[in-house]
Amino acid sequence: MIVILMKDVKGSGKAGDVVKVSDGYARNMLLPKGLAKEATEGNIRSLEKQKAIAVEKLEEQKAAAKEMAAKLEKITLKIESKGGDSGKLFGSITSKDIAEALEKQEGMKIDKKKIEMKTPIKQAGETEVTLKLLSAKSPPVILQTEGNIYGRKSTSTQCGGREICTGGCHAFQGCTF
């Protein structure tokens, strides 16, 4: 008997496959459990329509992913966190924080699981983060983290060309950070 598999069946095939199985296996196992349906002309036509719709949806998702990748290329996110004198953050910045910042600052809703980070960010400064969009990786998003010390911002940048300023530098009174 020729059947169309509705779900993946171990040893027979994957969902959407048209396979030939023994009559008893089809009548006693596949059809009663809803794992397959008989391969009539109408069922085969509806299967082809479903496959065409699935391909069309995939193309739309790919186009949306390319569009989002183009937008992400120009983005520099800024995230503030509490930090210490040396530019080290209290705690860390995780993919959840980045997803929230993307939604707040750019209006893009991205699942935190699609954000690739080797390790959580624990130091103030610039970091590149990549996102997984569909099957391809997007260009890196530049993430600028700032530590907040005593109510003032701290970034790892040069202060007057003398030393790295972290809010508690040599020019504490005249520092603009």
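Quick caveat: nothing in here was measured; it's all calculated off a predicted structure.

A. Inspection of the confidence of the model for the protein at higher detail. Averaged over the protein, the pLDDT score is 80; the fraction of residues at 70 or greater is 82%. Within the model, pLDDT remains below 50 along residues 154-164, and this stretch shows 27 contacts once partners closer than five positions in the same chain are excluded.

B. View of the side chain of Ser81. Residue position: Ser81 is located in strand β4 (residues 76-82). Among the residues examined, Ser81 registers a relative accessible area of 17% and is labelled buried. When sequence neighbours within four positions are dropped, the list of residues in contact with Ser81 reads Leu89, Phe90, Ile93, Glu146, Gly147 and Asn148.

C. Quick peek at the pattern of salt bridges. One pass over the full model with this rule turns up three salt bridges. A salt bridge links Arg27 to Asp23; the nearest nitrogen and oxygen atoms lie 3.8 Å apart. Of this pair, Arg27 and Asp23 both sit in helix α1 (residues 23-30), four residues apart, which is roughly one turn of the helix. The class of Asp23 is partly exposed, set by a relative accessible area of 37%. A salt bridge links Glu103 to Lys109; its shortest N-O distance comes to 3.9 Å. With a relative accessible area of 41%, Glu103 lands in the partly exposed category.

The rules behind these values
- Residues numbered from 1 in each chain as written.
- Predicted model: local features only at pLDDT ≥ 70, side-chain atom pairs only at ≥ 80, totals over all residues.
- Heavy atoms only, no water.
- pLDDT = per-residue confidence, 0-100.
- Contact = heavy atoms within 4.5 Å.
- Helix = DSSP H or I, 4+ residues; strand = E, 2+ residues; numbered from the N terminus.
- Buried < 20%, exposed > 50% of the residue type's maximum accessible area, 1.4 Å probe, protein only.
- Salt bridge = Lys/Arg side-chain N within 4 Å of Asp/Glu carboxyl O.

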